[in-house]
Structure formats: structure tokens, C-alpha cells
Amino acid sequence: MKKILGIALGIVTSIGGFLDVGSIATSAQAGAAFGLSLLWAVLLGTICVIFLVEMSGRFSIVSGHTIIDAIRKRFGFAAFIVPFAATLLVNLLVLAAELGGVCVALQLLTGIGFQLWAIPVALALWMLLWLATFDMVENGAALLGLVTLCFVVAIFVLGAEPVELAAGLVPSLPAEERTHYLFLVVSIIGATIAPYLFLFYSSGAIEDKWDKSFITANRVIATLGMSFGGLISMAVIIVAALALKPQGIRVEEFEQAALMLVPAYGGWGFYLFVASLAIACFGAALELSLASAYSVSQAFGWNWGENLKPREAARFSTTYSAFIAAAGLIVLVGLNPMKLTLFSMAITALVLPLTALPFLVLMNDPRYMGSHVNSRFSNAVVALIVVLTGILAVVSIPLELIGSK
Amino acid sequence: MPCRCSAGRRAVVAIALAALAACGDQDEQKLKSARSWSATALVVARHWEQGEVPTAYAKRALRKASEELANGALPEAAEPVDELREAVERGDRAAVRRLITEIAGR
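Conventions used here
- Residues numbered from 1 in each chain as written.
- Chains lettered and ligands numbered in written order.
- Predicted model: local features only at pLDDT ≥ 70, side-chain atom pairs only at ≥ 80, totals over all residues.
- Heavy atoms only, no water.
- Helix = DSSP H or I, 4+ residues; strand = E, 2+ residues; numbered from the N terminus.
- Contact = heavy atoms within 4.5 Å.
- Rg over C-alpha atoms; globule rule 2.2 N^0.38 Å.
- Buried < 20%, exposed > 50% of the residue type's maximum accessible area, 1.4 Å probe, protein only.
- Buried area = accessible area lost by both parts, 1.4 Å probe.
- Salt bridge = Lys/Arg side-chain N within 4 Å of Asp/Glu carboxyl O.
- Polar contact = N/O pair within 3.5 Å; in protein donor to acceptor, adjacent residues only side chain to side chain.
- Nonpolar A, V, L, I, M, F, W, Y, C, P; charged D, E, K, R; others polar.
- Expected span 1.5 Å × (residues − 1).
- Core = buried A, V, L, I, M, F, W, Y, C linked by side-chain atoms within 4.5 Å.
- pLDDT = per-residue confidence, 0-100.
- Axes fitted to C-alpha atoms, helices over the stretch in contact; angles between N-to-C directions.
- Left-handed = near helix turned anticlockwise from the far one by under 90°.
- Phe/Tyr/Trp six-rings, centres within 6.5 Å; stacked < 30°, edge-to-face > 60°.
- Lys NZ or Arg CZ within 6 Å of the ring centre and 35° of its normal.
- Parallel < 35°, antiparallel > 145°, perpendicular 65-115°, else oblique.

K.L.:
Now, about the overall build of chain B: what can you tell me, with residues and values included?
P.N.:
When its secondary structure is counted, chain B shows 5 helices and 0 strands. Mapped in sequence order, the helices and strands of chain B form the string α-α-α-α-α. For chain B, long-range pairs separated by at least 24 residues make up 53% of all intrachain contacts whose partners lie at least 6 apart in sequence.

In C-alpha cells:
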């Protein structure tokens, strides 16, 4: 019974914690500009993230290692340092984007500029991490994040054509704005398969002391949690396509995205959007700060764990404090939060192969996985999606930069 | 049989052509962006007039729309948006309603 409750909580928190600033921004922009035609990109990203999250849980359960720790041991520090540094840099950019998302939500609500919220929001984030346990961080924000289900309900209120929804799941190329379309494909996949997600999940499995009896639970949580989470991302595209596109509104700034739930809920729609943005971004910022501190501590062999008191894991606590301070500074500088988000997501897709491919090697190494090594099908799905997205990112990021000048 | 270097050259040419196309799209993009900001201003004003969005948000969104329009492909559309913003700042819903009808009719 306890395990069933644990599975249910795992699924619910995966759903509540799925959306972040990247998913909201990329999906809103995609729906407003291209209607339902980019639903397939979320589907592709969700399939890949289901495999990666299931693998990361299985890896920690079977090997007793976290991914970062094992990559360093398996490939040596010299080969590990470049992808590690790239992943940390992306984590910092995405953390800044998440903090920026919370600040933008507060700006939408109060009219006070987002930069002025950078320090209070960073302090609130830091204090919560300093005082809370892992379960409070993992479950608290994710349960509040269930407010994002309002996007799913809005589909029924606005009324979507099932045939058009199904057509959006088939990959296609539009007749115009192909460069921007491909850039959005990359950003959507980057937002869906952020490496911090599976690095955090892997460390979480160790923090929660999962043993081999959790292998099935891990599979169920990864599959159902990520599937329903992906549905919420799709719902954002659908709502933007139904509410903003017919009015000729494209999402270039969050001020435009904030209008997307008003046709469905009237006056409540604006506040539901603000609450969804703030809670989703704050939850993701908590996970990102921890995932970055986990990665650094595991790479250098330091004591780590959110369940430890800060003085028992001083370097771990210092690391997340430094990450939050640096991300707060990026927001304070005043970089455009929407542009920062979109480019962070595209760069995430670019560096994804650097973490995902060595991880696949580990998943096929019987010294770590014993009889639980990956199937060929799992390897093929993840390798194909990650490599294709990486190639697409190499081509589309410079083209988007040229086109947006 | 084509050699590897010609395949590489073809890829470079394809990327260069795509880059040129991306540059060529810029004017079209700017026009779409301006139309979008114009539509945003109208929708924000309409929702504010119906009490569906807070005044602080409406003022900020209208100021942003006006700035984007002034610096974009439709600078002449910035002035009516400024009028909308001023009416919102005064809390004058009747003026906002009248301006929306006027702007939508243009």
C-alpha cells in the first residue's frame, strides 16, 4: 500500500513538475505562430524523456551510482570535464531563465519591473533550499504545480477539433518561416529533455534510497508521469493556437502569452496563467539549483544531499548558493526573459548529446547494470532523437540568430 | 560518384542559402510582429475594459506594444496605442471602448 501511494505521489509530482519556463514559452510561441502543427515536437521530446528518466532511475537503483559520478569514473576526469562544464553552463542559463520566469510573473501581477524581483526571488529560493528537506522540495512545488492542469481544462472550454489535434502529431514543414519553425522544434525538444531532469531524478533515487524493489515503480512513474506531463505541454500549444492565433497575436513577450487563458476563464484566466508561470518556474528553479549542486559535488567527490544539514554538506550548499547568486545576477542585468528562455532551450538541445550519449554507454555496461542493461530499442530511440536534435540545433541556432537581427 | 568534398560543399551551400532566406524573411517578420503587437494592444484594452485583466498589467503591456510598434514596421500604429494607454491610466473605460471601436474600424 505504501509503495502504491509512493507511485501515485511520484506520478502526481512528475505531472505537476513537468512545465517550466521553457515549456511554457516555447509551446506558447509555437501555438500562436504555427497553430497545432508543432504538437509532434512535444510528442517526440516526451517519448525521449520517458526513456531517459526511466533509464536514470533504473541506473541509480541497479548500480547505486548517480549518472555524473559514474560518467566521471567510467570515462576519466579529462574526458568528462568538457561535457560537464557545458552542462553546468546550460544549467546556469536555464536557472536564470526560470528565475526570470518567476520575476516576470510578479511583474505581470504588480507592474513592477522584473529585474527588481531578482534579488527577493533568489533569496526566497535559497532560503527554501537551505531549510527544506528533499521531499519538501520535490513534492511541495510539484503539488502546487498541478495548477498547470488549467491548460488541459481550457482545451475543453475552448473546444478543439480532434482531427486537427491528430494532424498536429504528424511531423510537417510549413510553407513559410521554416527557419523559425525549425528553431522552435529544437527549443521545444530542448525544453522537454533538459539534462537536469534526468540528472535530478537519478540523484533523487539515491536520496530516496530506492532499491531493486522500485524497478517497476520507477518504470510506472517515468512512463505515466512524463506522458501526462507532456500532455500539459501540448495543452499549452493547443490553448495558444485556439486563443491567440485567431486574434493575430504572436508570442514574442510574456505580456502576450498572459492573455492565452482569458478566453477560457475570463478574469480568472490571467491569474491562472500568472500562478502557473510562477509556480512552474519556481519549482524548476529549485530542482535546477539542486541538480547543479548534485552534479558538482558528485564530480568532485564531495558530501552531498538535500536531506543533510547545510553544515554537514557545506560545499554542496555553497554550490547551490553560488548558482542561485549567479542566476540572480543574470536576471538583474535585464536580459530579455523570453529571448533568454528560447536560446537556453535551444542550447540545451545542442549540448544534450554530450550528456545523453555517455549515459547510454553506461546503460549498456554490464559492470554497472548487470542483467538490467538497455534493450536495443531503447538505445535506438534515445540516440536517434538526441543526435537528430543536436544536428538540427547546430543548423537552426545560427540561422535564427541571423534572421532575428 | 560524387566525392565527399562535394557533399560537404553542397551542405555549406544549402546552409548559406538558408541563411540568405532567413535574412530575406526579416521584413516579413517585422511586419508580422508589428501586426501582432497592434492586435495585442486591442485585446489587452478590450480585456481591461471588461475588467478581466488588472490595470498594472494593462498599462505595462500597452506601453510595451507602443514601444515595439514605434520601433517596428508600423510606427504610425504607436500613437493610437498610446491613447489607449493614457485612457487606461485615467481609468476611463468609456474612452477605451470608443478608441477600440475607432482603431478596429481603421
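That shown, we press on.
K.L.:
Break down the overall build of chain A for me, with residues and values.
P.N.:
Looking only at helices and strands, chain A has 19 helices and 0 strands in total. Relative to the globule expectation of 22 Å for 405 residues, the C-alpha radius of gyration of chain A, 20 Å, shows essentially globular dimensions. If you line up chain A on its principal axes, its C-alpha atoms span 55 × 50 × 45 Å. Here chain A, with 405 residues, has 60% of them falling under the buried criterion.

K.L.:
So, the interface of chain B and chain A: which residues are in play, and what are the values?
P.N.:
The partner chain A presents 30 residues to the 27 residues of chain B that form the contact. Of the roughly 2400 Å² buried at the junction of chain B and chain A (both faces included), carbon and sulfur atoms supply 59%. Together, Lys32(B), Tyr57(B) and Arg60(B) form the three largest contributors to the area buried by chain B at its contact with chain A, with a combined 24%. Joining chain B to chain A, the criterion identifies 3 salt bridges. Between Lys32(B) and Glu176(A) there is a salt bridge whose closest N-O contact spans 3.0 Å. Taken together, the links from chain B to chain A amount to 10 residue pairs in polar contact (both at pLDDT 80 or more). The biggest single contributor to the side of chain B that touches chain A is helix H2 (residues 26-49) of chain B, with 13 residues. Its residues assigned to classes, the side of chain B that touches chain A shows 14 nonpolar, 6 polar and 7 charged.

K.L.:
Residues and numbers for H2(B), please.
P.N.:
Residues separated by three or four positions in an α-helix point in the same direction, a consequence of the helix having 3.6 residues per turn. Between its first and last C-alpha atoms H2(B) spans 34 Å; for 24 residues at 1.5 Å apiece the expected length is 34 Å, and the two agree. In the segment just after H2(B), Gly51(B) is the residue with positive phi, at about 75°.

K.L.:
Before we move on, can you summarise the pattern of salt bridges with the specific residues and values?
P.N.:
Counted according to the given criterion, the structure contains 17 salt bridges over all chains. For the salt bridge of Arg219(A) with Glu54(A), the shortest nitrogen-to-oxygen distance reads 3.6 Å. Here the residue Arg219(A) occupies a position in helix H12 (residues 215-243), and Glu54(A) occupies one in helix H3 (residues 39-63), the gap between them amounting to 165 residues. With a shortest N-O distance of 3.3 Å, Glu102(B) and Arg98(B) are connected by a salt bridge. A residue pair is termed a helical-turn pair when its members lie 3 or 4 positions apart in one helix, as Glu102(B) and Arg98(B) do in helix H5 (residues 93-105) at 4 residues. A relative accessible area of 37% places Glu102(B) in the partly exposed class.

K.L.:
Before we move on, could you go through unusual backbone geometry and cite the residues and values that matter?
P.N.:
Residues and elements named next belong to chain A. One non-glycine residue, Glu177, adopts positive backbone phi at about 55°. Relative to the assigned elements, Glu177 resides in the loop between helix H9 (162-168) and helix H10 (178-192). The class of Glu177 is buried, set by a relative accessible area of 8%. Positive phi, close to 55°, is recorded for Lys209, a residue that is not glycine. Mapped onto the secondary structure, Lys209 falls in the loop between helix H11 (195-207) and H12. On the accessibility criterion, Lys209 (69% relative accessible area) is exposed.

K.L.:
With reference to specific residues and values, describe the nonpolar core.
P.N.:
Residues and elements named next belong to chain A. Counting 181 residues, the largest nonpolar core has Leu38, Met260 and Phe273 as its most contacted members. With 17 residues, the single largest contributor to this core is helix H15 (residues 267-300). The contact partners of Leu38, leaving out residues within four places of it in the chain, are Ala30, Gly168, Tyr181, Leu184, Val185, Ile188 and Ile237.

K.L.:
Give a detailed account of the confidence of the model for chain B, specifying residues and quantitative values.
P.N.:
Averaged over every residue, the pLDDT of chain B is 84; the share at 70 or more is 75%. Averaged pLDDT values over the elements of chain B bottom out at 60 in helix H1 (residues 4-24) of chain B and peak at 96 in helix H3 (residues 55-70) of chain B.

K.L.:
Can you explain the confidence of the model for chain A? Please cite residues and give values.
P.N.:
Atomic detail in the predicted coordinates should be set aside for any region of low pLDDT. For chain A, the mean per-residue pLDDT works out to 90, and 98% of the residues sit at or above 70. Ranking the helices and strands of chain A by mean pLDDT puts helix H14 (residues 262-265) of chain A first, with 97, and helix H1 (residues 2-16) of chain A last, with 73.

K.L.:
Any details on the packing of H2(B) against H5(B)? Residues and values, ideally.
P.N.:
All names here are of chain B. The contact between H2 and H5 brings their axes to 10 Å, and the two run at 145°. Crossing angle aside, the handedness with which H2 passes H5 is left-handed. Packed against H2, whose contacting residues are Leu42, Ala45, Arg46, Trp48 and Glu49, the element H5 presents Arg93, Val96, Arg97, Ile100 and Ile103 at the interface. Tallied by class, residues from the contact of H2 with H5 come to 6 nonpolar, no polar and 4 charged.

K.L.:
How would you explain the packing of aromatic side chains if you had to name every residue and give the values?
P.N.:
Remark: the centre distance and the inter-plane angle together describe each pair of aromatic rings, the angle taken between the planes. Within this structure, the stated rule accounts for 21 aromatic pairs over all chains. Considering the side-chain rings of Phe270(A) and Tyr57(B), the 4.7 Å spacing of their centres and the 50° angle between planes classify their relative orientation as tilted. On the criterion of chain membership, the pair formed by Phe270(A) in helix H15 and Tyr57(B) in helix H3 is interchain, its members lying in two chains. Of the two residues examined, Phe270(A) and Tyr57(B), each falls in the buried class. Each member of the aromatic cluster is reached from another via a ring pair, and the members are Phe77(A), Phe80(A), Phe84(A), Phe300(A) and Trp302(A). Taking NZ or CZ as reference, Arg74(A) lies 5.3 Å from the ring centre of Phe75(A), over its face. Taking NZ or CZ as reference, Arg93(B) lies 4.2 Å from the ring centre of Trp48(B), over its face.

K.L.:
Talk me through the packing of H15(A) against helix H16 (residues 314-333) of chain A; I want residue IDs and the actual numbers.
P.N.:
Residue and element names in this part refer to chain A. Following both chains from N to C, one finds H15 and H16 inclined at 130°, their axes separated by 8 Å at the closest point. With respect to their mutual orientation, H15 and H16 come out oblique. Of the two elements, H15 crosses H16, and the hand of that crossing is right-handed. Contact with H15, carried on its side by Ser289, Leu290, Ser292, Ala293, Tyr294, Val296 and Ser297, involves Phe316, Thr319, Tyr320, Phe323 and Ile324 of H16 and no other residues of that element. Looking at the contact of H15 with H16 residue by residue, the classes come out as 8 nonpolar, 4 polar and no charged.

K.L.:
How would you sum up the environment of Ile188(A)? Please name residues and give values.
P.N.:
All names here are of chain A. One can find Ile188 in helix H10. Ile188 sits in the buried class, given a relative accessible area of 1%. Residues Ile188 and Ser27 lie 161 residues apart in sequence; the distance between their C-alpha atoms is 6.9 Å. Setting aside chain neighbours within four positions, we find Ile188 in contact with Thr26, Ala30, Leu38, Ala41, Val42 and Ile237.

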